[in-house]
Amino acid sequence: MPTAPNPLADGLLMPSGFEVSQYDSVIGFVKPYRESQLESWKLFHAAWRGFAYRYKAAGESNMRFSELIKISLAPPVEVRYQQDDALYSFFGSALSSLECFYFSARCLGALSNPTMFGITKAKELIFQPKDVVAAFNKHFPGAELSQTLDGCCSSVEYTKLSNIRNVLSHRGTPPRHQEYGGTPILESHIPGNPKELSSNWQFDWAVGPSTTQETYDWLEVWCCELMSAAEKFCQENLHAAA
């Protein structure tokens, strides 16, 4: 998380790589729909706020993990717990930020085309990012937002992020293999294929600051592209803010 102020219109300080002007711009395009499409308007704002909150949380967890891992690659159990908590918080928040964005995009589609995208039943709120991609490719083929949603969701990095979050959430904390050079620990690795049987684990994912930083850098790039595409979609399909 940077120290330079980067506030949203509501005052929330965001990391410097977060495009606050585009984020606030999308809110402006949605504003006129409060009266005519209140349900989609409410759902959008909940998801859009969640997108920003989870992104900020991912940045803070990334920094926390990077600092904690510097203490030791094989620390006492209390520090090991803190490292694992930061790791879990990071991957959970990172994926949640994207899932909230996809939910927001679904709501933008509803505001633009309530006949095809309208949300009137609770069961219509149950969908995955890939379902949002399919809907946008069907109803807004060729749109930059459709292509960007597809590109992010189908990337190798997204799959890895989803797999790691799910394993940490449902299967526990990954074991570490240590490599010693005398007394100091030279390297530590966790399974890069954690969804496999334990007998097939490959300890090829190095533990260190890059464990979360590389994913955070990827997240930053895609969130910028997604917000840019969302703003363009609003410009082309929603009314200008009053």
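Thresholds, definitions, all that
Residues numbered from 1 in each chain as written. Predicted model: local features only at pLDDT ≥ 70, side-chain atom pairs only at ≥ 80, totals over all residues. Heavy atoms only, no water. Salt bridge = Lys/Arg side-chain N within 4 Å of Asp/Glu carboxyl O. Helix = DSSP H or I, 4+ residues; strand = E, 2+ residues; numbered from the N terminus. Buried < 20%, exposed > 50% of the residue type's maximum accessible area, 1.4 Å probe, protein only. Core = buried A, V, L, I, M, F, W, Y, C linked by side-chain atoms within 4.5 Å. Contact = heavy atoms within 4.5 Å. Phe/Tyr/Trp six-rings, centres within 6.5 Å; stacked < 30°, edge-to-face > 60°. Lys NZ or Arg CZ within 6 Å of the ring centre and 35° of its normal.

**A word on the pattern of salt bridges**
Summed over all chains, the structure comprises five salt bridges. Residue Arg-64 pairs with Asp-85 through a salt bridge whose shortest N-O separation is 3.3 Å. Pair noted here: Arg-64 is in helix 2 (residues 38-69) and Asp-85 is in helix 3 (residues 77-112), with a separation of 21 residues, a long-range link. Given the relative accessible area of 33%, Arg-64 is considered partly exposed.

**Some thoughts on the nonpolar core**
Judged by nonpolar contacts, the single largest core of 68 residues is most densely connected at Phe-18, Phe-101, Leu-108 and Leu-149. Dropping the residues within four chain positions of it, Leu-149 is found in contact with Phe-101, Tyr-102, Ala-105, Val-132, Val-133, Phe-136 and Leu-226.

**Looking at the packing of aromatic side chains**
Going through the model one piece at a time under the given rule, you end up with 20 aromatic pairs. In textbook terms, an aromatic cluster arises when at least three aromatic residues are bridged by ring pairs, as seen for Phe-18, Tyr-23, Phe-44, Trp-48, Phe-51, Tyr-55, Phe-101, Tyr-102 and Tyr-216. A cation over an aromatic ring shows up here: Arg-106 above the ring of Phe-127, its NZ or CZ 5.6 Å from the ring centre.

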